[in-house]
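The lines below spell out each chain.
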Amino acid sequence: MDKAQQDALKKAAGIEAAKLIQNGMIAGLGTGSTVRFLVDELGRRVQEEGLEFTGVTTSRRTQEQAEGYGIKIVDIDDVDHIDVTIDGADEVDKNFNGIKGGGAALLWEKIVATNSNKIVWIVDESKVVDTIGKFPLPVEVIPFGAGQVVKRFEARGYKPVLRLDAEGKPVRTDENNYVVDLHLERIEHPEALADDLINTVGVVEHGLFLHMVDQVIVGDPNGPRVLTNSNK
Ligand SMILES: O=C(CO)[C@H](O)[C@H](O)COP(=O)(O)O
C-alpha cells in the first residue's frame with residue numbers, strides 16, 4: 001500500500017468516526033495523521049452544519065488544529081466526563097490490545113482514554129495485526145537518569161532506542177519527557193510487559209493500551225469496517 005492509498009483509508013476512517021460526535025457531547029480528540037482527518041471533518045461540521053461540542057485534546061498539536069476550526073477545547077480537569085474519545089493507533093490485535101505513541105503523545109492519550117466512557121480507534125487496515133510488537137513500543141521516560149533506564153531495558157533484552165528528532169536531539173513530549181522505543185518484534189505477553197515497564201523507576205507511561213478500546217474503525221478499500229469489542 002503506498003502513502004496515498006494509506007491516507008485515503010485513514011481519511012475514510014476519520015470521516016466515519018466523526019459521525020459519533022453529536023451536539024452537546026464532550027469528546028476526546030487523539031493525535032496523529034488519522035486524527036487530523038477526523039478533526040478536519042469535525043471542523044467542517046462545526047463551520048457548515050453548526051455542530052456544537054466540547055473537545056479535550058491529547059496533544060498541543062491537536063488543540064491548535066481544532067481551535068483553528070473554532071472547536072471549543074477545554075482542559076481535562078474542567079470536564080466531569082468525556083463521552084467518547086477517538087484516537088489513532090500504531091497497531092491493534094484481535095483482542096483489541098494495541099500500541100500507541102508513534103506521535104509521542106501516549107501519556108496524554110492514556111490519561112484522556114482512561115477518563116472516557118467510550119474509546120474508539122481509527123486505523124487503516126495495515127495497523128490490524130495478529131501479534132503486536134513489530135511497531136517499536138514507545139515508553140515515555142523522565143530525562144533525569146534516562147540513560148540508566150535505557151541500560152536496564154538493554155539488560156532485559158528490550159532493544160531500546162532513544163527517539164531523536166531531525167537534529168539528533170531527544171524528542172520531547174508535551175510533558176517535556178523523552179521517548180524510548182523498544183524494538184521487540186513480537187509481544188507475546190503484553191500484560192506482563194506492561195507491569196514490568198510501569199514498575200521501572202523513571203518510566204512515566206508506556207504505549208501498551210490493554211483492555212481499553214470499545215471499537216476500532218478500520219479504513220478498508222471496501223469502506224470503513226467497525227469492529228466492536230464484545231468483552232467490554
Ligand atoms: O499514538 C499516536 C500518537 O502518539 C497516534 O495515534 C499513532 O501514532 C497513530 O498515528 P497515525 O494516525 O499518524 O498513523
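Everything numeric in this text was worked out from a predicted model, so none of it was measured.

Details of the side chain of Asn97
Here is step 1: Along the chain, Asn97 falls in the loop between strand S5 (91–92) and strand S6 (98–99).
Here is step 2: Taking the relative accessible area as the measure of exposure, Asn97 reaches 4% and is therefore buried.
Here is step 3: Those residues in contact with Asn97 that lie beyond four places of it in its chain are Glu91, Val92, Ile132, Glu191, Phe209, Leu210 and His211.

With respect to the UniProt feature "active site" (unreviewed entry) in the protein chain
Here is step 1: The sites that carry the UniProt feature "active site" (unreviewed entry) are, in the present numbering, Glu109.
Here is step 2: Of note, Glu109 is situated in helix H4 (residues 106–114).
Here is step 3: In this structure Glu109 comes out as buried when scored by relative accessible area, which is 3%.

Quick look at the site of the ligand
Here is step 1: Surrounding the ligand, one finds 18 residues, the nearest of these being Ser33, Thr34, Asp90, Gly101 and Lys127.
Here is step 2: The backbone of Gly88 places a nitrogen or oxygen atom 3.4 Å from an oxygen atom of the ligand.
Here is step 3: In the environment of the ligand, an oxygen atom lies 3.2 Å from a nitrogen or oxygen atom belonging to the backbone of Gly103.
Here is step 4: For the ligand, the accessible surface in isolation is 380 Å², of which the surrounding protein chains cover 91%.
Here is step 5: Given that more than half its atoms are within 2 Å of the pocket grid, the ligand belongs to the second largest pocket.
Here is step 6: Among the elements of the structure, helix H2 (33–49) and H4 are those that each provide at least two residues to the shell around the ligand.

Points about empty space enclosed by the protein
Picture a little ball the size of a water molecule; that probe, rolled over the atoms, points out where space is still empty.
Here is step 1: Enumeration according to the criterion identifies one cavity of 30 Å³ or more in this entry.
Here is step 2: Each pocket or cavity is described by its volume, and for the largest cavity that value is around 40 Å³.
Here is step 3: Considering the residues around the largest cavity, the lining is formed by Thr58, Ala104, Ala105, Leu107, Trp108, Glu140, Thr173, Asp174 and Glu175.

As for the packing of helix H1 (residues 3–18) against H2
Here is step 1: Their axes nearest at 8 Å, the elements H1 and H2 cross at an angle of 45 degrees. Relative to H2, the element H1 is oriented oblique. Seen from above, H1 lies across H2 with right-handed handedness. Between H1 and H2, the contacting residues are Asp7, Lys10, Lys11, Gly14, Ile15, Ala17 and Ala18 on the first element and Ser33, Thr34, Phe37, Leu38, Glu41, Leu42 and Arg45 on the second.

Things to note about the packing of aromatic side chains
Here is step 1: Going through the model one piece at a time under the given rule, you end up with two aromatic pairs.
Here is step 2: When the centroid spacing of 5.8 Å and the interplanar angle of 45 degrees are considered together, the rings of Phe153 and Tyr158 count as tilted.
Here is step 3: Judged by its relative accessible area of 0%, Phe153 falls in the buried class.
Here is step 4: The ring of Phe209 has Lys100 sitting right over it, with the charged end atom 5.8 Å from the ring centre.
Here is step 5: Here Lys110 stacks its cationic end above the ring of Phe209, 4.9 Å away from the centre of that ring.

Let's talk about the sheet that holds strand S1 (residues 26–29)
What links the strands of a sheet is backbone hydrogen bonding, and the strands pair in either a parallel or an antiparallel sense.
Here is step 1: Taken in spatial order, the seven strands make up an open sheet running S3-S2-S1-S4-S7-S13-S14, and their pairing is mixed. At either margin of the open sheet sits one strand with a lone partner, and together these are strand S3 (72–73) and strand S14 (225–228).
Here is step 2: With respect to the sheet, H4 is in contact with S1, strand S2 (54–57), strand S4 (84–87) and strand S7 (119–124), its orientation differing from that of S2 by roughly 135 degrees.

Looking at the pattern of salt bridges
Here is step 1: Throughout the structure, instances matching the rule amount to 17 salt bridges.
Here is step 2: For the salt bridge of Arg45 with Glu49, the shortest nitrogen-to-oxygen distance reads 3.5 Å. Here Arg45 and its partner Glu49 are both found in helix H2, four residues apart, which amounts to about one turn of the helix.
Here is step 3: We classify Arg45 as buried; its relative accessible area is 11%.

Conventions we followed
Residues take numbers from 1 onward in each chain, read along the sequence in its written order. Residue-level local features of this predicted model are given only where pLDDT is at least 70; pairs of side-chain atoms are given and counted only at 80 or more, and the full residue set underlies all totals for whole chains, interfaces and linings. Only hydrogens and water are set aside; all other atoms, that is, all heavy atoms of the structure, feed into the side-chain values. Per the convention used, a helix needs a DSSP run of H or I reaching at least four residues, while a strand needs a run of E reaching at least two, with both numbered from the N terminus. The cut-offs for exposure are 20% and 50% of the maximum accessible area for each residue type, with area from a 1.4 Å probe on protein chains only; residues under the lower value are buried, those over the upper are exposed, and the others partly exposed. In this analysis, two residues are considered to be in contact whenever any of their non-hydrogen atoms come within 4.5 Å of each other. UniProt positions are given in the numbering used here, feature names are shortened, and annotations may be inferred rather than shown by experiment. Think of it this way: one heavy atom of a residue within 4 Å of a molecule or strand is enough to make that residue near it. Polar contact criterion, stated in full: a pair of N or O atoms within 3.5 Å, where within protein one must be able to donate a hydrogen and the other to accept it, and residues adjacent in sequence count only if both atoms are side-chain atoms. Areas reported as accessible are Shrake-Rupley estimates using a 1.4 Å probe. Residue values count occlusion only from the protein chains shown. Cavities and pockets are defined on a 1 Å grid built over the protein atoms alone: a cavity is a set of grid points where a 1.4 Å probe fits but cannot escape, while a pocket is an open set with protein on both sides within 12 Å along at least five of seven lines, and lining residues are those with an atom within 4 Å of any such point. Throughout, a molecule is located in a cavity or pocket provided that more than half of its atoms lie within 2 Å of its grid points. Grid points are joined across faces, edges and corners, and a volume is the space filled by probe spheres set on the points. Only the stretch in contact is used when fitting a helix axis, every axis being a line fitted to C-alpha atoms; angles between N-to-C directions are given from 0 to 180 degrees. Working rule for angles: under 35 degrees goes down as roughly parallel, over 145 as roughly antiparallel, 65 to 115 as roughly perpendicular, anything else as oblique. Should the near helix be turned anticlockwise from the far one by less than a right angle, the crossing is left-handed, and should it be turned clockwise, the crossing is right-handed. For this analysis, a ring pair means two rings from Phe, Tyr or Trp (six-membered ring only for Trp) whose centres lie within 6.5 Å, classed as stacked if their planes differ by under 30 degrees, edge-to-face if by over 60, and tilted for the remaining angles. Any Lys NZ or Arg CZ that is within 6 Å of a ring centre and within 35 degrees of that ring's normal is treated as a charge sitting over the ring. Here a strand pair is declared whenever DSSP counts at least two bridges between the two strands. Salt bridges, as used here, are contacts in which a Lys or Arg side-chain nitrogen is within 4 Å of a carboxyl oxygen on Asp or Glu.

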